[in-house]
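Residues per chain are reported as follows:
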Amino acid sequence: MIAGLQAPDHGRVLFDGVDATHLTVQERRVGFVFQNYALFKHMNVADNISYGLRVRPRRTRPTLAAIKARVSQLLQFVQLAGLGARYPAQLSGGQRQRVALARALAIEPRVLLLDEPFGALDARVRKELRRWLRDIHKQTGLTTVFVTHDQDEAMDLADRVVVLNDGQIEQVGTPEDLYDRPASPFVISFVGEAIALPVTIADGQVTFAGRELNVDAYGVRAGDAKVYFRPADIAVSRAGAGELEGRIEALRRTQSGMRATVAIEGYDQVVEIDTPTDTNATLGGRIPLTLSKARLFPIDPDVVHGAGEGI
């Protein structure tokens, strides 16, 4: 719909506050980068990049010299100088994706759309291209919409993230907002790793398996609820007694200490927590646990959260 390939059932598409809903694909000047590159196999790199310029109507088409100069500039920009005569089959996956991006940039787009552009690449190349794409964005200043199911990509690249669930927007915010201030149980469960404990709220107190938790219940109605927290938010209690108690089922050494796999009493799943080396944690031993931060959400029987669609 942003590119103009489909019409919205309702609502509008605005570019810089200007209604673009009824503009044609050509009038919108949107650059599109596909997951599978979508390069023309029978064209060399230079011809692929210049395609959008060469098919313009004669009155708006740049001269051949201008097109050649633009291609040369973009090859330099995407770090492929000297490869204009090669064909897509002669390039690596990362190089092909750079060509696809150069082709999208050739038309001087107002908006750049990236549809899971790194999905077909291995982890190392994805990481390199992420860093490179951040630099490209800073240099061009283009508004860029990046679709991905990879949360690391979303958090690494985005200024603003939209989380979709079953076609509905769950939350819009910065990566920090989504991770530290999730607006719903779905968001905290979908973005990053989270543990959910079923609790009961009564008289402003939150209890789990008969233990009172130090969790703020202000503004949350009494009844059944869930406490959500990240693995980094639970730790071995230094005070001796803890809000929770766990049994250590596995231990392994890390650079900062020990990583313990812990079965929390009253909870049917294990969690992994970092424990300092001086806690004397032993396999099979019991340890007191305390929460440093948690989010409390009431259980709404009328709301069913489905699988996440993407970011």
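Each remark here, short or long, concerns the structure printed above.
In this report, we go over the structure that sits alongside the text. (Residues numbered from 1 in each chain as written. Predicted model: local features only at pLDDT ≥ 70, side-chain atom pairs only at ≥ 80, totals over all residues. Heavy atoms only, no water.)

1. A few points about the packing of helix H4 (residues 93-106) against helix H5 (residues 123-140)
Right, on to step 1. It is at 11 Å that the axes of H4 and H5 come closest, and there the two elements cross at 25°. Taken as axis vectors, H4 and H5 run roughly parallel relative to one another. Where H4 crosses over H5, the two elements pack in a sense that is right-handed. For the pair H4 and H5, contact is made by Gly 94, Gln 97, Arg 98, Leu 101 and Leu 105 and by Val 125, Leu 129, Trp 132, Leu 133 and Ile 136, respectively.
Right, on to step 2. Classifying every residue of the contact of H4 with H5 by side-chain character gives seven nonpolar, two polar and one charged. (Axes fitted to C-alpha atoms, helices over the stretch in contact; angles between N-to-C directions. Helix = DSSP H or I, 4+ residues; strand = E, 2+ residues; numbered from the N terminus. Parallel < 35°, antiparallel > 145°, perpendicular 65-115°, else oblique. Left-handed = near helix turned anticlockwise from the far one by under 90°. Contact = heavy atoms within 4.5 Å. Nonpolar A, V, L, I, M, F, W, Y, C, P; charged D, E, K, R; others polar.)

2. Some details on the packing of helix H3 (residues 64-77) against H4
Right, on to step 1. At a minimum axis separation of 10 Å, H3 and H4 run at an interaxial angle of 135°. Between H3 and H4, the angle falls in the class oblique. The interaxial crossing formed by H3 with H4 has right-handed handedness. Across from Arg 70, Leu 74 and Phe 77 in H3, the residues of H4 making contact are Ala 102, Leu 105 and Ala 106.
Right, on to step 2. Here the contact of H3 with H4 is built from residues that sort into five nonpolar, no polar and one charged.

3. Notes on the nonpolar core
Right, on to step 1. One finds Ile 49, Val 99, Leu 101, Leu 105, Leu 112, Leu 114 and Leu 133 to be the most contacted residues of the largest nonpolar core, which totals 33 residues.
Right, on to step 2. Broken down by secondary-structure element, the contributors of at least two residues to this core are helix H2 (45-54), H3, H4, strand S4 (111-115) and H5.
Right, on to step 3. Of all the elements, H4 adds the most residues to this core, at seven residues.
Right, on to step 4. Sequence-distant contacts of Ile 49, that is, excluding residues within four places in its chain, are made with Val 71, Leu 74, Leu 75, Val 99, Ala 102, Arg 103 and Ala 106.
Right, on to step 5. Judged by nonpolar contacts, the second largest core, of 27 residues, contains Ala 260, Val 262, Ile 273 and Leu 296. (Core = buried A, V, L, I, M, F, W, Y, C linked by side-chain atoms within 4.5 Å. Buried < 20%, exposed > 50% of the residue type's maximum accessible area, 1.4 Å probe, protein only.)

4. Overview of the packing of aromatic side chains
Right, on to step 1. The full count for this structure, using the stated rule, is five aromatic pairs.
Right, on to step 2. Centre to centre, the rings of Phe 40 and Tyr 51 are 4.8 Å apart; their planes meet at 55°, and the pair counts as tilted. In this pair, Phe 40 is assigned in the loop between strand S3 (30-33) and H2 and Tyr 51 in helix H2, connecting sequence segments eleven residues apart.
Right, on to step 3. Residue class for Phe 40 comes out partly exposed when judged on its relative accessible area of 27%.
Right, on to step 4. Its relative accessible area of 31% is what places Tyr 51 among the partly exposed residues. (Phe/Tyr/Trp six-rings, centres within 6.5 Å; stacked < 30°, edge-to-face > 60°.)

5. Re the side chain of Glu 243
Right, on to step 1. If you trace the backbone, Glu 243 turns up in the loop between strand S12 (234-236) and strand S13 (244-253).
Right, on to step 2. The side chain of Glu 243 sits in the buried core without any salt bridge; Arg 211 is the nearest counter-charge, 9.2 Å away.
Right, on to step 3. Side-chain polar atoms of Glu 243 contact the backbone nitrogen of Leu 291, separated by 3.0 Å.
Right, on to step 4. With near-sequence residues (within four places) excluded, Glu 243 lies in contact with Arg 211, Glu 212, Leu 213, Asn 214, Leu 289, Thr 290 and Leu 291. (Lys, Arg positive; Asp, Glu negative; His and termini not counted. Salt bridge = Lys/Arg side-chain N within 4 Å of Asp/Glu carboxyl O. Polar contact = N/O pair within 3.5 Å; in protein donor to acceptor, adjacent residues only side chain to side chain.)

6. Let's talk about the sheet that holds strand S9 (residues 205-208)
Right, on to step 1. The antiparallel open sheet is built from five strands, whose spatial order is S10-S9-S8-S11-S17. Each of the sheet's edge strands pairs with one partner strand only, and the pair in question is strand S10 (211-213) and strand S17 (295-298). Between one strand and the next, the sheet's axes are offset by a mean angle of 40°, whatever the strand orientation.
Right, on to step 2. The pairing of strand S8 (residues 195-202) with S9 spans three bridges and is antiparallel. (Pairing = 2+ DSSP bridges.)

7. A word on the environment of Ser 72
Right, on to step 1. Along the chain, Ser 72 falls in helix H3.
Right, on to step 2. Look at Ser 72 and you get partly exposed, because its relative accessible area is 45%.
Right, on to step 3. Between the C-alpha atom of Ser 72 and that of Ser 50, which follows or precedes it by 22 residues, the distance is 10.0 Å.

8. Examining unusual backbone geometry
Right, on to step 1. The backbone phi angle of Glu 108 is positive, close to 55°, even though this residue is not glycine.
Right, on to step 2. Within the element layout of this structure, Glu 108 appears in the loop between H4 and S4.

9. Structural notes on the side chain of Asn 165
Right, on to step 1. By the secondary structure assignment, Asn 165 is in strand S6 (residues 161-165).
Right, on to step 2. Using a relative accessible area of 6% as the deciding quantity, one classes Asn 165 as buried.
Right, on to step 3. One polar contact links Asn 165 to Glu 170, side chain to side chain, over a distance of 2.9 Å.

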